[in-house]
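Letter by letter, the chains look like this.
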Amino acid sequence: MLKLPGLIDPHVHVREPGQTHKEDWDSATAAALAGGITMILAMPNTRPPIFDASTLDLALAAAKLKARCDYAQFLGAGPDNAEAVAKLASRAAGLKMYLDSTFGELRLDDMTLWMPHFEQYPKDFPIVLHSEARSMAAGLLFAAIYDRPVHIAHISLKEEVLLIKAAKERGIKVTCEVCPHHLFLTMPPPSPPPFSPKMGEGVRRTGGGWGRKEVRPRLAAQEDVDTLWANLDVIDCFATDHAPHTLPEKDSENPPPGFPGLETILPLLLTAVSESRLTIPTIIEKMHINPKHIFHLPDQPETWVEVDENASYEIRAADLHSRCGWTPFEGWQVKGRVRRVVLRGKEAYKDGEVLAKPGFGKNVRDD
Ligand code: DOR
Ligand code: ZN
């Protein structure tokens, strides 16, 4: 049995308030624990978005009642809330700025809208950018001009990872994360992942229409995927971007972008370990040490995850705890199963059953 520290996912769409038919604080944190994740940072593109004191209170009240694992809540940058969110920084995971198209209403098109946030948000709390390709380059320029750290969410492209590498070499304060779907899936054309024919079969069996492949950033080409794998040392964190939508929504005419991911990230990465494409210390670095450092997160005492490295099984949505009821990795054969999770001394998950109750989770930004 392999013992890992409590894993941290810095990018989770919990959907509460407002869209609890997709997920809520209870089901999202149950899914996290089942996936070996003991702390999540929640994104602000809810309904309403989390962008001031009263909406932050709304999200945190639901979390306090319902969360089973530890958490913090991001604030969203809007066109005129720079002063308000800066004042709330110590209560939040960080500030999320949507510079590109996304699900929800928080997009900031004009660069003059970015400036007050870079000027006012305290430098010791992170700014996370949803910024793709050239807007990511603009985000890096902002980090340089304002001399403050930025964390780039879900990088997916060769040009992104190479530019971040160059920026780091020149001392720009940038960190970044990559999601499993950008490491294991490509588009177009739908091609099997590079390392397992069985997994390739799984991709084809995912079924459904194009809506089930819709995600932002989009799935990229094989060359992008290969370049991410070749530059893992540039990538600071693995994050899920767990973005649940229901199957009827995904299969509708106007499918919202996003994949669930909390319960599949660790088995996918452990399968890559079993095929010598990754190491366990790299998983610990990118899912525990680095997110803790980047987001200034506290220790979780007496917290660990027990994994059976040799257990092989098939990913099936029917076994997952997320409310959305599907996974883009349906039918994939993986190696490495979470057996038991202990969170702050309490058995929180064991063999398919989430044991931590709603309300056990703590806001890590509370004093
Ligand atoms: O695919 C995505 N889904 N990308 C985003 O930026 C938002 C997310 C969501 O909230 O569904
Ligand atoms: Zn996201």
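Definitions and cut-offs
- Each chain carries its own residue numbering, running from 1 in the written order of its sequence.
- To label them, take the chains in the order written and letter them from A, then take the ligands in the order written and number them from 1.
- Local features in this predicted model are restricted to residues of pLDDT 70 or higher, and side-chain atom pairs are both shown and tallied only at a pLDDT of 80 or more, whereas totals for entire chains, interfaces and linings draw on every residue.
- The side-chain values count all of the structure's non-hydrogen atoms but skip hydrogen atoms and water molecules.
- Throughout this document, a residue counts as near a molecule or strand when at least one of its heavy atoms sits within 4 Å of that molecule or strand.
- Between N or O atoms, a polar contact is any pair within 3.5 Å; within protein, one atom must be a potential hydrogen donor and the other a potential acceptor, and residues adjacent in sequence are included only when both atoms are from side chains.
- Residue type decides the class: Asp, Glu, Lys and Arg count as charged, Ala, Val, Leu, Ile, Met, Phe, Trp, Tyr, Cys and Pro as nonpolar, and the leftover types, Gly among them, as polar.
- Helical segments are the DSSP runs of H or I of at least four residues, strand segments are the runs of E of at least two, and each set is numbered from the N terminus.
- Burial classes: relative accessible area under 20% of the type maximum marks a residue as buried, over 50% as exposed, and values in between as partly exposed (1.4 Å probe, protein chains only).
- Contact criterion: two residues are considered in contact whenever any of their non-hydrogen atoms come within 4.5 Å of each other.
- Distances decide who is a donor: an N, O or S atom must be within 2.8 Å of the metal, or within 3.2 Å for Na, K and Ca. Water is not included, so sites may look incomplete.
- We call a set of buried residues a nonpolar core when its members are Ala, Val, Leu, Ile, Met, Phe, Trp, Tyr or Cys and they connect through side-chain atoms within 4.5 Å of each other.
- Side-chain rings of Phe, Tyr and Trp (the six-membered ring for Trp) are treated as a pair once their centres are within 6.5 Å; stacked means planes under 30 degrees apart, edge-to-face means over 60, and tilted covers the remaining angles.
- By the criterion adopted, a ring carries a charge over it if an Arg CZ or a Lys NZ lies within 6 Å of its centre and within 35 degrees of its normal.
- For two strands to pair, DSSP has to find at least two bridges joining them.

(A) Structural detail: the site of ligand 1. Residues in close proximity to ligand 1 include His 13, Arg 15, Asn 45, Thr 102, Phe 103, His 130, Val 215, Arg 216, Ala 243, His 245, Pro 257 and Gly 258, which together make up its full environment. Within the side chain of Arg 15, an N or O atom sits 2.7 Å from an oxygen atom of ligand 1. In the environment of ligand 1, an oxygen atom lies 3.3 Å from a nitrogen or oxygen atom belonging to the backbone of Gly 258. Tallied by class, the residues present in the shell around ligand 1 amount to 4 nonpolar, 6 polar and 2 charged.

(B) View of the side chain of Asn 363. Looking at the secondary structure, you find Asn 363 in the segment after strand S14 (353–354). Asn 363 sits in the buried class, given a relative accessible area of 9%. When neighbours within four sequence positions are excluded, Asn 363 is seen to be in contact with Leu 60, Tyr 71 and Ala 72.

(C) Structural view of the coordination of the zinc ion (ligand 2). In this structure, His 11 (NE2), His 13 (NE2) and Asp 241 (OD) serve as the protein donors to the zinc ion (ligand 2), at separations of 2.1 to 2.2 Å. In the primary structure, the donors to the zinc ion (ligand 2) are separated according to the pattern H-x1-H-x227-D. Here Asp 241 lies in the loop between strand S10 (237–238) and helix H10 (247–250) and His 11 lies in strand S2 (residues 7–12), a separation of 230 residues in the sequence. In this structure, His 11 and Asp 241 share a single accessibility class: buried.

(D) Region of interest: the environment of Glu 347. For Glu 347, the position within the fold is in strand S13 (residues 346–350). With a relative accessible area of 28%, Glu 347 lands in the partly exposed category. Along the backbone, Glu 347 and Trp 304 are 43 residues apart, and their C-alpha atoms lie at a distance of 9.7 Å.

(E) Fine view of the nonpolar core. Ranked by internal contacts, the top residues of the largest apolar core, which has 98 residues, are Ile 40, Met 97, Tyr 121 and Ile 152. Among the nonpolar cores identified, the runner-up in size contains 16 residues, and Met 43, Phe 74, Cys 237 and Phe 295 belong to it.

(F) Fine view of the packing of aromatic side chains. In total, this model carries 9 aromatic pairs according to the counting rule given. Judged by centre distance (5.0 Å) and plane angle (55°), the ring pair of Trp 114 and Phe 142 falls under tilted. In this pair, Trp 114 sits in the loop between strand S6 (95–98) and helix H4 (115–120) while Phe 142 sits in helix H5 (residues 134–146), placing the two residues 28 residues apart along the sequence. Overall, the relative accessible area of 3% leaves Trp 114 in the buried class. With centroids separated by 4.9 Å and ring planes inclined at 85°, the aromatic side chains of Phe 329 and Trp 332 adopt a geometry described as edge-to-face. One exposure class covers both Phe 329 and Trp 332, and it is buried. Chaining the aromatic ring pairs together yields one cluster made of Trp 114, Phe 118, Phe 142 and Tyr 146. The ring of Trp 229 carries the charged tip of Arg 277 above its face, separated from the ring centre by 4.0 Å.

(G) Molecular detail of the sheet that holds S14. Reading across the sheet, the 5 strands line up as S1-S11-S12-S13-S14 and stay open at both edges, with antiparallel pairing between neighbours. Each end of this open sheet is capped by a strand with a single partner; those strands are strand S1 (2–5) and S14. For strand S11 (residues 304–314) and strand S12 (residues 333–343), the ladder comprises 8 bridges, and the chain directions are antiparallel. Bridge assignment links Val 305 to a residue of S12, and that residue is Val 341.

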